[in-house]
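# Results of the structural survey
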Amino acid sequence: GWGIFFTFSLPVIFLGAVQAIKKSTYPLEWVSPERAPGVFTRITGTLGNPNLFGEYLSFLLLLALGVGLAGLNINRQKPGCRLRRWCSTGGWCLVLASLYALLLYPTFSRTSWWSAIIGLLSIVIPEKRRGWLRSGVILLLLLVLLQPLYLPAIAGQRSLSHGTLGYRLKIWAGTWDLIKKFPYSGVGSGNFSRYYPFFSNYQADHAHNLYLQIVVEKGFPGLLIFFVILNHVFSLPAGGFADRGVKAALFTQVVAGVAEFVWAAPLMLCLFWLGYGYLMEAGDG
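Residues numbered from 1 in each chain as written. Predicted model: local features only at pLDDT ≥ 70, side-chain atom pairs only at ≥ 80, totals over all residues. Heavy atoms only, no water.

## With respect to helix α11 (residues 210–234)
Counted at 1.5 Å a residue, the expected span for α11 with its 25 residues is 36 Å, but the 18 Å between its end C-alpha atoms falls short. If you look at α11, its biggest bend is around 125°, right at K218, and the proline P221 turns up within four residues after that. The opening residue of α11, the one whose side-chain oxygen lies 2.9 Å from the backbone nitrogen of Y211, is N209. (Helix = DSSP H or I, 4+ residues; strand = E, 2+ residues; numbered from the N terminus. Expected span 1.5 Å × (residues − 1). Bend = angle between axes of the 7 residues up to and from the residue. Polar contact = N/O pair within 3.5 Å; in protein donor to acceptor, adjacent residues only side chain to side chain.)

## Focus on the pattern of salt bridges
Taken as a whole, this structure holds two salt bridges when the rule is applied. The closest approach of N and O atoms between E260 and R168, which form a salt bridge, is 2.1 Å. Of this pair, E260 sits in the loop between α12 (241–256) and α13 (266–283) while R168 sits in helix α9 (residues 163–181), and the two are 92 residues apart along the sequence. For E260, a relative accessible area of 5% gives the class buried. A salt bridge links K180 to D177, with the nearest nitrogen and oxygen atoms 3.4 Å apart. (Salt bridge = Lys/Arg side-chain N within 4 Å of Asp/Glu carboxyl O. Buried < 20%, exposed > 50% of the residue type's maximum accessible area, 1.4 Å probe, protein only.)

## Focus: the environment of G16
Residue position: G16 is located in helix α2 (residues 10–22). Its relative accessible area of 0% is what places G16 among the buried residues. Once the C-alpha coordinates of G16 and P50 are considered, the two residues, 34 residues apart in sequence, prove to be 9.8 Å apart. Dropping the residues within four chain positions of it, G16 is found in contact with I43, G45, F53 and L103. (Contact = heavy atoms within 4.5 Å.)

## Some words on the packing of helix α6 (residues 110–124) against α12
With their axes 8 Å apart at the nearest point, α6 and α12 run at an angle of 145° to one another. Two packed elements cross with a definite hand, and for α6 against α12 that hand is right-handed. Judged by residue contacts, T111, S115, A116, I118, G119, S122, I123 and V124 of α6 engage R244, G245, A248, F251, T252, V255 and A256 from α12. Looking at side-chain class alone, the contact of α6 with α12 contains eight nonpolar, six polar and one charged residues. (Axes fitted to C-alpha atoms, helices over the stretch in contact; angles between N-to-C directions. Left-handed = near helix turned anticlockwise from the far one by under 90°. Nonpolar A, V, L, I, M, F, W, Y, C, P; charged D, E, K, R; others polar.)

Read these as layout, nothing more, since geometry by itself doesn't imply function.
Below you can see the structure in the form of C-alpha cells.
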C-alpha cells in the first residue's frame, strides 16, 4: 500500500527534478526584488505553484521518513542479506525521503522549509517531551489570530511593507475586516473571493492562512471545531515510526497553515483527511 502511494508521486517529482536541473524561469511576482538574485528557479512539479509543491513535498518527506524507519526496524529482525533487507520498503522509502528533501530546496518556499523542519522535530523528539513543540505552534497561531492588535504598527514599517510578507499582511488586514462582519456564521465555503473585494483593494483568491480562511468561511465556531479535531488527532499515542511519520506529515500542514491556505488545492485537503483516517484506525488498534 505504501509502495502504491509513493509511486503516484513519481511523475510529479520527476518534472520537478527536470525543472530544477534546467533552472526553469518563473514569474517575477513570485519573488521580491531583494530576494531575486539568490533565487535561481522556483520549481512547481505538475502542480503549477511552488508553495503548493513545497507543501506536497514536505508532507511526503515526513511520511516517507516515518514509513522508511518503520520498515528498517521490522526488517532488522529478519534473517538474510543485509543489503537485500535494506532494499526492502524501508530502504526505498528513505531514498524517496532524501529525494523529496533535495527537491524541497529549489521550491524556495520558506513556509514549506520551516514546516518540514518542525515536522522533523516532531518525529525526533520523544512523545512525552513534545509539550513545548505544541506550545510553540499554539504561539504561532495566536500571533496570526491576534494580529489586529499589532498589525497597524508592523504594516507601517518599510522593511515589512514589500515582498511576500508585506503582501500577506495586507491580505490578512482585509480578511480581518471581512471576519468582523461575519464572525459567527462566516460567508460559506468557497465564497471568500466573492466577498473579499468589498473589504480590500488587493486581489486574493484566499486568505493565505488556513485558520483565517476557516474563520471567514465557517466563523469562529468552525475554527473551534477544527482545533478540537487537531487536539484529538495529535493526542493519539503513536504506535511506531509509521504512525509518527503520518502525524508529522499532518503537522507540516498545521505549521504551513500559519502563512498559507494549504487546503486551497484539493490534493492537500485529501492528504490531510487520509492521514487523519489512518491515525484514527491506528488508534483503534
